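Inside the fold
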Amino acid sequence: MKLLVYGAGVCGSLFAARLYEAGVDVSLLARGERLASLRRHGVQLAEEDSPAVRRVPVPVVEHPDGGYDLTAALVRTHQVDAVLESLAGLEGDVLFLLNWAAGAGPLGAAIGHERVLLGFPALGGTMDGDVVRYRAANFITGRVPMPIGEPDGRTTPRVERIVRELRTAGIKAKAEPQMVAWLRTHAAFEVPLGQAVHAAGGPAALADDPDAVRGMLRLMRQNLAALPTPPVPRAFTALRTLPEGLLVALLRRFLRGPTAVHSGLSDVSPATAAELARLAEQMRAYAKVR
């Protein structure tokens, strides 16, 4: 499989580097200063706060073309329109590994419905200059798979092939038959969480404000109640059924832990705010349809 990773941020860089180290024929698309850095140094990786940085010489390109079997788009929600414009008219399947609550319709309308696959990257970290600082695997994160699925829920040969090749490359992936519902459930949780963290100035600062955590939880519950289908995974139903006090305590503990600190939650940049705003807009749209 010849693969193009579209997007050289934290998740795209990690994804491309792991595939390259596993022997996959992969290229990484980047632009501007990020492209120049990757050409000079390759993908630079460090585990959390470790001073040790390793360089992975992933091939980089500036523009997509039709020579790839699969393009994996790992960009922010508000950047998807630009990706669609550059991929329209090309050939090959496109796997959108990102935050997306609008369903596959807008994606397929731009590039062809038959090309669209949906998923979410089970990767996390932060950018430290040009170095990607990724979170160390633990018992919980090591068990979280990368879900991939057809928009209509079918288990097709192409999904099975992609999952199989990613597993061979050491990436824990699984076929998810309810990918649209999965992404909407994640957005229902992610938007209040991300906006509360952004307003507080970081996950640890939010953890120190129990009233803000309580308000965030109530918004999560409202969003989950507005979903057009039951939450996927079903475990998210616990956010609506467990006692508020218990959930506030668990969320504050999570926000202080290394999984939250060494993840995209620590990024309180304007780009994060723009992504959360686009996700919230998508959620409001399907709530109105319902």
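Presented here is an overview of the structure given in this document. (Residues numbered from 1 in each chain as written. Predicted model: local features only at pLDDT ≥ 70, side-chain atom pairs only at ≥ 80, totals over all residues. Heavy atoms only, no water.)

Ranked by size, the top nonpolar core spans 38 residues in total, and within it Phe15, Leu19, Leu28, Met146 and Leu166 carry the most contacts. In terms of residue count, helix H1 (residues 10-21) provides more of this core than any other element does, 6 residues in total. Ignoring sequence-local partners within four residues, the contact set of Leu166 consists of Phe15, Leu19, Met146, Ile148, Ile171 and Ala173. (Core = buried A, V, L, I, M, F, W, Y, C linked by side-chain atoms within 4.5 Å. Buried < 20%, exposed > 50% of the residue type's maximum accessible area, 1.4 Å probe, protein only. Helix = DSSP H or I, 4+ residues; strand = E, 2+ residues; numbered from the N terminus. Contact = heavy atoms within 4.5 Å.)

Scanning the model with the defined rule gives 2 aromatic pairs in all. Note on Phe120 and Trp182: the rings are 5.3 Å apart at their centroids and 40° apart in plane angle, and the pair reads as tilted. A residue pair is termed long-range when its members are at least 10 positions apart, and Phe120 in the loop between strand S8 (116-119) and strand S9 (125-128) and Trp182 in helix H6 (residues 179-200) qualify at 62 residues. Just as Phe120 is buried, Trp182 falls in that class too. Taking 5.6 Å as the distance between ring centres and 70° as the angle between the ring planes, the aromatic pair formed by Phe189 and Phe236 counts as edge-to-face. Linking Phe189 in helix H6 with Phe236 in the loop between helix H8 (210-225) and helix H9 (238-241), this pair joins segments that are 47 residues apart in sequence. Owing to a relative accessible area of 16%, Phe189 belongs among the buried residues under this scheme. Geometry around Tyr68 places Lys2 over its ring, the cationic atom sitting 5.2 Å from the centre. Here the basic side chain of Arg18 rests over the ring of Tyr134, its NZ or CZ set 5.9 Å away from the ring centre. (Phe/Tyr/Trp six-rings, centres within 6.5 Å; stacked < 30°, edge-to-face > 60°. Lys NZ or Arg CZ within 6 Å of the ring centre and 35° of its normal.)

Each neighbour pair has its own omega, and for Val232 with Pro233 the value is -5°, a cis peptide bond. One can find Pro233 in the loop between H8 and H9. Despite not being glycine, Glu48 shows a phi value in the positive range, around 50°. Along the polypeptide, Glu48 turns up in the loop between strand S3 (43-47) and strand S4 (54-56). The exposure class assigned to Glu48 is buried, which follows from its relative accessible area of 18%.

Turning our attention to the pattern of salt bridges. Per the counting criterion, the structure on display carries 12 salt bridges. Glu275 serves as the salt-bridge partner of Arg76, at 3.0 Å between the closest nitrogen and oxygen. Of this pair, Arg76 sits in the loop between strand S6 (70-73) and helix H3 (80-87) while Glu275 is found in helix H12 (residues 270-289), placing the two residues 199 residues apart along the sequence. A residue is classified by how much of its surface remains accessible, and Glu275, at 10% relative accessible area, is buried. Between Asp208 and Arg256 there is a salt bridge; the shortest N-O distance is 3.3 Å. On the criterion of sequence distance, the pair formed by Asp208 in the loop between helix H7 (203-207) and H8 and Arg256 in helix H10 (residues 244-256) is long-range, its members being 48 residues apart. Linked through salt bridges whose partners overlap, the residues forming this network are Asp211, Arg214, Arg218 and Glu244. (Salt bridge = Lys/Arg side-chain N within 4 Å of Asp/Glu carboxyl O.)

Take the environment of Gly12 next. Tracing the backbone through its elements, the reader meets Gly12 in helix H1. According to the relative accessible area criterion, Gly12 is buried, its value standing at 1%. Residues Gly12 and Ala136, 124 residues apart in the sequence, show an inter-C-alpha distance of 17 Å.

At their nearest, the axes of H8 and H10 sit 10 Å apart, and the two run at 110° to each other. Between H8 and H10, the crossing angle belongs to the class labelled roughly perpendicular. Here H8 and H10 pass one another in a crossing that is right-handed. Residue-level contacts link Pro210, Val213, Arg214, Met216, Leu217, Arg218 and Arg221 of H8 to Glu244, Leu247, Val248, Leu251, Arg252 and Leu255 of H10. Class assignment for the residues of the contact of H8 with H10 results in 8 nonpolar, no polar and 5 charged. (Axes fitted to C-alpha atoms, helices over the stretch in contact; angles between N-to-C directions. Parallel < 35°, antiparallel > 145°, perpendicular 65-115°, else oblique. Left-handed = near helix turned anticlockwise from the far one by under 90°. Nonpolar A, V, L, I, M, F, W, Y, C, P; charged D, E, K, R; others polar.)

Picture the strands of a sheet paired through backbone hydrogen bonds; they go either parallel or antiparallel. Spatially, S4-S3-S10-S9 is the arrangement adopted by the 4 strands of the open sheet, whose pairing is mixed. Since the sheet does not close on itself, it has two edges, and those belong to S4 and S9, each with one partner. Put simply, the sheet's adjacent strands are angled 35° from each other on average, direction ignored. Of the pairings in the sheet, the one linking S3 to S4 comprises 3 bridges and is antiparallel in character. Bridging from a neighbouring strand, Val43 pairs with Val56 of S4. Contacting S3, S4, S9 and strand S10 (131-134), H1 runs over the sheet at an angle of about 85° to S10. (Pairing = 2+ DSSP bridges.)

Moving on: the pairing of S3. Among the 5 residues in S3, 4 count as buried, and that is most of the element. If you look at the hairpin formed by S3 and S4, you'll find 6 residues sitting between the two strands, and Glu48 has a positive phi there, around 50°. One ladder, built from 4 bridges, connects S3 with S10; its direction is parallel. Pairing of Glu47 across the sheet is with Tyr134, part of S10.

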